[in-house]
Amino acid sequence: MSIQGTEDIILEVKNLQTIFKTDTGDVRAVDGVSFKLPKGKTIGIVGESGSGKSITSLSILQLLASNGKITNGEVFYKGDDLLKLTENQMRKLRGNEISMIFQEPMTSLNPVYTVGQQISEALMLHQNMSKKDAFIRSVELLQLVGIPSPDKRVKNYPFELSGGMRQRVMIAMSLACDPEILVADEPTTALDVTIQAQILELIKELQDRLGMSVIFITHDLGVVAETCDYVAVMYAGQVVEYSDIRTLFHQPKLPYTIGLLKSLPRHDIEQDKLEPIKGNVPSPHEMPVGCRFSPRCPAATDLCRTKMPQLETDENGNQVRCWIYTDEWTGEAEVDIYGETRIAKSGGAKTVLPD
Amino acid sequence: MTKYIIRRLIQTIPVLIGVTILVFSLMHLVPGDPAQIVAGEGASEQTVENIRERLGLNESIPVQYGRFLGNAVQGDLGSSVRSGRPVMDEIGSRFWVTVELAFYSTIVAVFLGLIAGIVSAVRHYTLADTSIMIVALFGLSMPNFWFGLLLIQWFAIGNWMPESLEFLKMRPSGWGDSWRQIILPVLTLGTGGAAIIARMTRSSMLEVIGQDYIRTARAKGVSERIVTYRHALKNALIPVVTVVGLEFGGFLGGAVLTETIFAINGMGRLTIDAIRTRDFPVVQGTVLVISVIFVLVNLLVDISYRLLNKRIDLN
Amino acid sequence: MSEETVNPPVTAQKINPRIESYKQFWRRLLKNKAAVIGGLLIVFVVLMAFIGPWIITTFTDYRPNQTDLTNKLQGPSASNWFGTDSFGRDIFTRLIFGAKLTLYVGFLSVFIGGIIGVIFGIISGYYGGRVDAVIMRLMDVLLAFPGILLALAIVAVLGGSLTNVIIAVGIFSVPAFARVVRGSTLSVRKLEYVDAVRALGASDFRIIFKHILPNIMSPIIVQASLRIATAILTGAGLSFLGLGAQPPAPEWGAMLNEGRQYMFEAGHVALFPGLMIVLVVLAFNIFGDGVRDALDPKMKNR
């Protein structure tokens with residue numbers, strides 16, 4: 001599986017940087033994020049809380065809170081840099097060509113309007129539909145996302161619906177205008193496990209049916225495995241590994257990714273215990289000078305601790321931000337994977353952690 | 001909803017009973033013998049005894065209260081000690097004067113307060129916001145009777161709208177027929193109330209603007225103007241509704257001051273005059289009437305709050 | 001990797017949240033400009049009220065009740081900074097001497113109302129049930145008399161004097177405290193550490209005084225500050241109506257009332273007492289706002 005080649009890239013994020021002004025100084029929430037989203041595919045953006053994955057998605061749509069500011073980077077969509085568009089032009093894209101669903105279905109719907117009114121709004125706005133047509137379409141959309149008796153539900157207020165139902169409504173709303181890209185920011189985190197599965201299934205099914213591209217923000221690698229074609233792993237505001245889903249799960253490169261996978265319960269192999277990654281995500285005020293994962297990395301050398309590695313691309317188009325895969329790195333590192341110790345030997349870009 | 005209204009009505013009853021008990025006890029909490037106080041110092045033994053008889057002060061307290069309540073429910077609040085007329089007649093048309101004053105003041109307060117609050121919230125941390133909030137803070141800190149005096153002074157000195165100052169000649173005739181007479185008192189009360197509503201609206205708007213559903217609206221591609229006025233405002237106004245009833249009540253109670261400085265012949269002035277002449281039945285009557293209106297207005301506000309805020313219905 | 005949180009066992013080591021928050025409280029308070037400005041203004045007013053009269057009597061010949069009918073209703077001048085009233089008394093001197101009265105009304109009435117209100121509120125919030133219902137209905141009854149009316153009715157009964165104004169305004173302040181304290185008590189009571197100390201066998205009395213009260217001090221302070229502002233306005237209103245401080249006391253509301261008769265020929269007589277009231281009330285309002293922002297960052301405007 002290759003990212004380059006024949007596939008159309010519908011969205012490309014290059015070196016995105018977003019800062020937040022706070023009382024205690026500026027915080028670089030997103031610091032040089034790059035990835036490509038092929039048309040019709042799903043990319044997962046994975047990371048722990050505070051890794052900047054949600055801010056990345058909000059930055060793409062320019063929906064940051066008033067103290068957030070994009071300071072650098074480009075976001076190419078159909079050849080245009082979204083960051084150069086005026087607010088008016090951007091507004092025509094939001095909810096129309098690029099739409100978004102959020103983590104909190106309980107609070108993401110306006111409590112004083114009915115479900116139908118909220119879905120209709122986007123239709124009337126972007127597609128110049130009449131109120132009546134928009135209403136009819138809203139019912140169809142509710143049916144599409146699997147809400148029973150949609151003709152009744154359409155007149156409900158959000159408080160009359162359960163969390164899962166609300167998230168379905170959010171999805172219906174985001175799909176109203178047949179978007180090219182759906183940004184799903186932790187859409188299942190706040191839901192029960194059974195409902196989670198249903199919503200994931202729904203998003204996948206709708207993607208197949210409507211041919212959308214999806215950016216899936218999550219902290220859950222299990223969800224990624226089920227839904228994504230490509231994965232960008234984020235750590236402390238940066239993309240640290242980017243590859244197709246098979247490669248990521250079968251040949252993870254970065255010690256951080258390996259650590260993440262190790263802390264994930266698996267059914268295919270026997271595990272004595274789940275191993276959490278030791279330590280915590282660095283505070284945005286005390287970013288390490290070198291590799292940001294180095295304080296927690298079992299393979300870190302002095303080089304890792306003093307110099308920031310760059311995102312290097314291999315021949316398959318997969319990327320990794322780690323000194324181990326460069327010529328500058330020398331030595332050997334023991335990396336513990338599922339209870340087995342593997343030795344990474346310096347070999348430049350060809351370094352492999354033997355299977 | 002009907003259930004809620006009924007429950008709310010039932011809840012109001014003990015409060016109203018409490019109010020009547022308190023108002024009833026006013027007379028009995030006065031240090032000394034109520035009959036003597038009513039009669040005035042130096043009244044003959046016989047006069048005091050007659051008054052005692054007339055007010056039924058010889059009977060036991062519960063019996064007296066029972067009669068007070070029974071009469072009050074039928075609209076009989078006793079008679080003025082000074083004029084001998086029924087308290088209800090004394091209140092008479094003054095009732096509407098005061099209610100009108102409070103009503104118009106509420107409208108002015110809501111109108112000014114909402115505009116100021118919304119502007120402040122939409123342009124928060126700008127000069128406009130800061131200025132509005134400073135003015136509001138002053139409005140909140142100003143004794144409105146003093147502000148009323150200043151207004152009278154300015155308008156008189158500027159010789160502007162001379163007709164509006166006619167009431168200063170102490171015509172004891174309520175509003176008369178000129179709408180101009182109502183302007184200064186309504187401005188006096190309304191601006192003070194506007195300060196409270198402006199502050200409340202602003203903080204409520206700012207809180208709402210930080211909510212997730214506002215981000216959802218933005219993600220839909222809705223313009224900032226629609227986000228503010230369609231998505232945020234309606235939610236922000238819900239808590240503001242609750243203050244409106246309080247403001248109205250504040251204006252009713254504040255009438256004692258406003259009506260005094262503007263020489264308006266409403267219930268407020270009647271109360272003050274009655275206090276000065278120790279005409280307790282009248283004091284009881286006006287205090288009771290004003291409180292009952294206030295309780296009922298709050299009941300209405302609560303119900304409309306429920307109507308606006310459907311979410312509460314579930315709990 | 002979805003985080004599973006397991007409730008830690010309830011132990012006595014659950015920290016009483018107040019311990020850390022004292023320092024934080026001061027830090028936040030000092031960082032809040034409004035709180036600092038309001039606080040300084042209050043200090044200024046208090047100094048003026050309690051040192052001012054001493055300075056005037058010691059270093060000048062001005063006295064608050066010294067009349068001079070040849071010099072009445074004079075506008076502000078070098079010898080009478082704020083002019084003179086209808087008896088030729090120096091308004092500035094009277095205002096300085098009257099500051100104390102205004103502060104008495106503000107502080108004492110809120111102190112009385114605060115104590116009663118806090119007791120009611122804590123009992124209501126802590127014990128709940130029928131006690132709660134009765135107390136809260138009682139508060140509803142008190143709140144049914146809008147604005148100044150309750151205080152007015154009480155003063156009407158007790159008779160007009162500054163002491164009675166303090167009592168009346170105090171009672172008028174009770175429901176506001178009771179409601180706020182009840183709400184805060186309810187939320188503190190739900191905290192785990194209260195369960196923990198109860199499990200250790202602490203008495204209700206001890207829990208209330210050692211654990212609940214310290215944790216609800218912030219809303220009480222905020223309420224007190226804002227309430228003092230209202231109390232001063234109410235007290236001044238009652239005196240303005242002639243039901244409070246009696247002449248010749250230099251109470252500001254009463255002075256306003258006297259000045260009212262000379263509004264057109266000598267506007268300054270009513271102007272300055274009003275300005276003083278605004279100054280003092282403003283100080284407490286600014287301080288109260290600031291404290292609220294400092295203590296409840298959630299409420300602070302984004």
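What you are looking at is a predicted structure, and each value in this text was computed from that prediction instead of being measured. (Residues numbered from 1 in each chain as written. Chains lettered and ligands numbered in written order. Predicted model: local features only at pLDDT ≥ 70, side-chain atom pairs only at ≥ 80, totals over all residues.)

S.K.: Hey, could you go over the overall build of chain C for me, with residue numbers and the actual values?
M.R.: Assigned secondary structure in chain C consists of twelve helices and zero strands. Secondary structure elements of chain C occur, N-terminal to C-terminal, as α-α-α-α-α-α-α-α-α-α-α-α. Taking all 302 residues of chain C together, 45% fall into the buried category. For chain C, contacts bridging at least 24 residues in sequence account for 70% of all contacts bridging at least 6. (Helix = DSSP H or I, 4+ residues; strand = E, 2+ residues; numbered from the N terminus. Buried ≥ 20, exposed ≤ 12 C-beta atoms within 10 Å, placed from the backbone. Contact = placed C-beta atoms within 7 Å.)

S.K.: Quick one: what's the story with the overall build of chain B, residue by residue and with numbers?
M.R.: Counting its regular elements, chain B contains 13 helices and zero strands. Mapped in sequence order, the helices and strands of chain B form the string α-α-α-α-α-α-α-α-α-α-α-α-α. Counting all 315 residues of chain B, 46% fall into the buried class. Looking at chain B alone, contacts between residues at least 24 apart form 72% of all its contacts between residues at least 6 apart.

S.K.: How would you sum up the confidence of the model for chain C? Please name residues and give values.
M.R.: The predicted coordinates ought not to be read in detail in places where the model reports low pLDDT. All names here are of chain C. Looking at chain C, pLDDT values average 84 and 90% of them are 70 or higher. At the low end of the mean pLDDT range in chain C sits helix α1 (residues 18-31), at 69; at the high end sits helix α4 (residues 91-127), at 94. Model confidence for the complex is summarised by a pTM of 0.83, with the ipTM given as 0.87. (pLDDT = per-residue confidence, 0-100.)

S.K.: Requested: an account of the UniProt feature "transmembrane region" (unreviewed entry) in chain C, with residues and values cited.
M.R.: Residue and element names in this part refer to chain C. This chain's UniProt record puts "transmembrane region" (unreviewed entry) on residues 34-56, 103-129, 141-159, 165-181, 226-246 and 266-288. Split by type, residues 34-56 is 96% helix and 0% strand. Its first and last C-alpha atoms lie 31 Å apart. Between the first and last C-alpha atoms of residues 103-129 the distance is 38 Å; the span itself is 96% helix and 0% strand. (UniProt positions renumbered as here; feature names shortened; annotations may be inferred.)

S.K.: Account for the packing of α4 of chain C against helix α7 (residues 162-189) of chain C, with residues named and values stated.
M.R.: Residue and element names in this part refer to chain C. Here α4 crosses α7 at 35°, and the two axes come no closer than 5 Å. As α4 runs across α7, the sense of the crossing is right-handed. Broken down by class, the residue content of the contact of α4 with α7 amounts to 25 nonpolar, ten polar and three charged. (Axes fitted to C-alpha atoms, helices over the stretch in contact; angles between N-to-C directions. Left-handed = near helix turned anticlockwise from the far one by under 90°. Nonpolar A, V, L, I, M, F, W, Y, C, P; charged D, E, K, R; others polar.)

S.K.: Quick rundown of the sheet that holds strand β9 (residues 230-235) of chain A? Include the residues and the values.
M.R.: All names here are of chain A. Read across the sheet, eight strands follow the order β6-β7-β8-β3-β9-β10-β12-β11 without closing on themselves; strand pairing throughout is mixed. Among the strands making up the open sheet, the edge pair consists of β6 (98-101) and β11 (312-313). Bridge analysis of strand β3 (residues 42-46) against β9 gives four bridges, and the strand direction is parallel. Across the sheet, I43 pairs through a bridge with Y230, a residue of β9. (Pairing = 2+ DSSP bridges.)

S.K.: Describe the UniProt feature "domain: ABC transmembrane type-1" (unreviewed entry) in chain C, listing the residues and the values that go with them.
M.R.: The UniProt record marks residues 99-288 of chain C with the feature "domain: ABC transmembrane type-1" (unreviewed entry), using the residue numbering of this structure. Secondary structure over residues 99-288 of chain C splits into 82% helix and 0% strand, and the C-alpha atoms at its two ends are 20 Å apart.

S.K.: Please give an account of the UniProt feature "transmembrane region" (unreviewed entry) in chain B that cites residues and values.
M.R.: All names here are of chain B. Look at the UniProt record and you will see "transmembrane region" (unreviewed entry) annotated at residues 12-30, 101-122, 134-158, 178-198, 236-262 and 282-301. As annotated, residues 101-122 has a helix share of 100% and a strand share of 0%, and its two end C-alpha atoms lie 31 Å apart. Segment residues 282-301 splits into 100% helix and 0% strand. End C-alpha atoms: 28 Å apart.

S.K.: So, the interface of chain A and chain B: which residues are in play, and what are the values?
M.R.: Contacts between the two partners involve 23 residues from chain A, matched on the other side by 18 residues from chain B. Elements that contribute at least two residues to the side of chain A that touches chain B include exactly α2 (87-93), β6 and α3 (115-126) of chain A. Looking at the side of chain A that touches chain B element by element, the count peaks at four residues for α3 of chain A. A per-class count over the side of chain A that touches chain B returns eleven nonpolar, seven polar and five charged.

S.K.: An account of unusual backbone geometry is needed here, citing residue identities and associated values.
M.R.: In this chain, P247 of chain C is followed by P248 of chain C through a cis amide linkage whose omega measures 5°. Mapping P248 of chain C onto the fold places it in the loop between α10 (217-240) and α11 (252-260). A positive phi angle is found at N15 of chain A, which is not glycine, with a value near 50°. Along the polypeptide, N15 of chain A turns up in strand β1 (residues 9-22). If you check the backbone angles, Y125 of chain B has positive phi at about 70° while not being a glycine. As for its placement among the helices and strands, Y125 of chain B is situated in the loop between α6 (94-122) and α7 (127-141).

S.K.: Go over the interface of chain B and chain C, please, and point to the residues and values.
M.R.: Facing the 40 residues of chain B at the interface are 36 residues of chain C. Taken together, the elements giving at least two residues each to the side of chain B that touches chain C come down to α1 (2-29), α7, α8 (144-157), α9 (180-209), α11 (224-261), α12 (267-276) and α13 (280-308) of chain B. Per-element accounting of the side of chain B that touches chain C gives the leading share, eight residues, to α11 of chain B. Taken together, the residues that form the side of chain B that touches chain C break down as 28 nonpolar, twelve polar and no charged.

S.K.: Break down the environment of I228 of chain C for me, citing the residues and quoting the values.
M.R.: All names here are of chain C. By the secondary structure assignment, I228 is in helix α10. For I228, a count of 27 C-beta atoms within 10 Å corresponds to the buried category. For the pair I228 and V110, spaced 118 residues apart in sequence, the C-alpha separation works out to 6.0 Å. Setting aside residues no more than four positions away along its own chain, I228 makes contact with G106, F107, V110 and F284.

S.K.: So what's going on with the nonpolar core? Which residues, and what values?
M.R.: Within the largest apolar cluster, 161 residues are counted, with the highest numbers of intra-cluster contacts made by I197 of chain B together with A151, L152, V155 and I232 of chain C. When residues of this core are assigned to their parent elements, the largest contribution, 16 residues, is made by helix α12 (residues 268-295) of chain C. Discounting residues that sit within four places of it in the chain, A151 of chain C has contacts with A168, V169, F172, T234 and L238 of chain C. Core analysis: the next-biggest nonpolar cluster, separate from the first, contains 96 residues, I55, V231, V239 and Y242 of chain A among them. (Core = buried A, V, L, I, M, F, W, Y, C linked by C-beta atoms within 7 Å.)

S.K.: Outline the confidence of the model for chain B, supporting the account with residue identities and numerical values.
M.R.: On average, chain B scores 84 in pLDDT, and the residues at 70 or more come to 90%. Note on residues 167-175 of chain B: pLDDT under 50 across the span, and 17 contacts to partners over four residues away in sequence or across chains.

S.K.: So what's going on with α11 of chain C? Residues and values would help.
M.R.: For α11 of chain C, the buried fraction is high: eight of the nine residues fall into the buried class. Regarding α11 of chain C, the residues found buried are W252, G253, A254, M255, L256, N257, E258 and G259 of chain C.

S.K.: Tell me about the environment of G114 of chain C, and name the residues and values.
M.R.: Among the secondary structure elements, G114 of chain C is positioned in helix α4. Note: C-alpha distance between G114 of chain C and R63 of chain C (51 residues apart in sequence) is 35 Å.

S.K.: Which residues make up the packing of α10 of chain C against α11 of chain C, and what values go with them?
M.R.: All names here are of chain C. As a packed pair, α10 and α11 sit with axes 7 Å apart at the nearest point and diverge in direction by 40°. As judged from the angle between their axes, α10 and α11 are oblique. Note on packing geometry: the crossing formed by α10 with α11 is right-handed. Residues G235, A236, G237, L238, S239 and F240 of α10 lie in contact with α11, whose contacting residues are W252, G253, A254, L256 and N257. (Parallel < 35°, antiparallel > 145°, perpendicular 65-115°, else oblique.)

S.K.: Provide a residue-level description of the sheet that holds strand β5 (residues 80-81) of chain A, including the pertinent values.
M.R.: Residues and elements named next belong to chain A. Taken in spatial order, the four strands line up as β2-β1-β4-β5 in an open sheet, and their pairing is antiparallel. With one partner strand each, in any of the chains shown, β2 (25-38) and β5 form the two edges of the open sheet. Here eleven bridges tie β1 to β2, and the two strands are oriented antiparallel to one another. The residue bridging V13 from the neighbouring strand is F35, located in β2.

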